[in-house]
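Examining the three-dimensional arrangement
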Amino acid sequence: MSHGHFRRGMAVLCLSLSLCLLLGSCSFSLEDTMQRLKAYINGEEIPTPPEGFVEARENDLYAYDVYETYVVITGYKGEDVNVTVPWELDGLPVRKIGELAFYYGVPVESVALPSTVTELEENAFYYCRALKKITLPGSITSIGDKCFSWCSSLTSVTLPRSVTVIPEYCFNECTALKTVVLPEGITSVGTRAFSGCKSLTAMSFGADLTSIGSFAFRGCTSLDLVHLPGSCETVGTDPFGGCGENLMVGTGKFSPCWEALAEQGMRPTEGGNYLRLPTKEELDAEEEESSDPFDTSEETDPEGASGEAGPDAE
């Protein structure tokens, strides 16, 4: 690195600090400024804040990012078990619950969100193990990947009509989740969206559903009944793998969804109106018929039921 390059970097730092002192406030912390300087000196791309970002603030209960017209909650600092998120902070509406806002270690058991919130960012409630109840307003239109992943105490959830996509790993390993109330307009279920939900017993999707991701319900051992529209043409790998032998999947007979599941090994029930998983005896018999005595390899799912190690895993 040339001396000239270093001098220009120092000039950037000094100018930034001088402006902060002159204005009496700064949108960036000293740490942010130093990171920018380091990136500049190393010839890396200098990180820029999202459009409209003003500054990061906090009070006794919340850490939050202030934008020109709204606020994003980035962390909960309180100790209350039951939390009602405010609809505004510093005179601006709370629009988003940010990534890891209610992360591991937060003691809350229930959260009620205001009608100003439109988005839950990815990992917003990730591994919030104490969370039993979440109240989602009808204003929410977007839920991020892994939003409620590993919320092992969550027992029920009602998704508002404004939500149309259940993203990847959304409720992954929510082992206590028994009831999910879905709106009619759900169009897709992401990869492993409900994997490892061992208490889930039934699911029903409306006519708008077009795709189910790979391993979407993998390891849902209590799942007995799933209704899918026949028009659901895109079915990922083994969406019901590891579910119990009592599972019945109802969909239009010989519809695209039926055919896609049948191609992956699901069988018609005795009455022929549902699909089921093959029994262990059926699989053993098929393996014996097609086995190669010289082939000792075994195919396994390297990722297990959920495909994701929990935060406690080493």
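This is a predicted model, so every value here is computed, not measured.

Cut-offs used in this document
Residues numbered from 1 in each chain as written. Predicted model: local features only at pLDDT ≥ 70, side-chain atom pairs only at ≥ 80, totals over all residues. Heavy atoms only, no water. Pairing = 2+ DSSP bridges. Helix = DSSP H or I, 4+ residues; strand = E, 2+ residues; numbered from the N terminus. Contact = heavy atoms within 4.5 Å. Salt bridge = Lys/Arg side-chain N within 4 Å of Asp/Glu carboxyl O. Buried < 20%, exposed > 50% of the residue type's maximum accessible area, 1.4 Å probe, protein only. Core = buried A, V, L, I, M, F, W, Y, C linked by side-chain atoms within 4.5 Å.

Things to note about the sheet that holds strand E16 (residues 211-212)
Taking strand neighbours across the sheet as the criterion, the four strands line up as E12-E14-E16-E18 in an open arrangement whose pairing is parallel. If you trace the sheet from one side to the other, it starts and ends with strand E12 (165-166) and strand E18 (234-235), each paired once. As judged from the two bridges shared by E16 and E18, these two strands associate in the parallel manner. Across the sheet, the residue bridging to Ile212 is Val235, located in E18.

Remarks on the environment of Thr237
Topologically, Thr237 is positioned in the loop between E18 and strand E19 (248-250). Not counting residues within four places of it along the chain, the set of residues in contact with Thr237 comprises Ser214, Phe215 and Gln264.

With respect to the pattern of salt bridges
One pass over the full model with this rule turns up nine salt bridges. Between Arg57 and Glu55 there is a salt bridge, with the nearest N and O atoms lying 2.6 Å from each other. Sharing partners across several salt bridges, the network here consists of Glu55, Arg57 and Asp90.

Points about unusual backbone geometry
For Asp90, which is not a glycine, the phi torsion comes out positive at approximately 55°. Secondary-structure assignment places Asp90 in the loop between strand E5 (88-89) and strand E6 (92-97). Of the residues examined, Asp90 reaches a relative accessible area of 45% and is grouped as partly exposed. Even without being a glycine, Glu173 presents a positive backbone phi close to 60°.

Concerning the nonpolar core
Counting 71 residues, the largest nonpolar core has Phe125, Phe148, Phe171 and Phe240 as its most contacted members. Contributing elements (two or more residues each) for this core: strand E2 (62-67), strand E3 (71-76), E6 and helix H3 (256-263). With four residues, H3 is the single largest residue contributor to this core. Ignoring sequence-local partners within four residues, the contact set of Phe148 consists of Leu120, Phe125, Leu131, Ile134, Leu136, Cys170, Phe171, Asn172 and Cys174.

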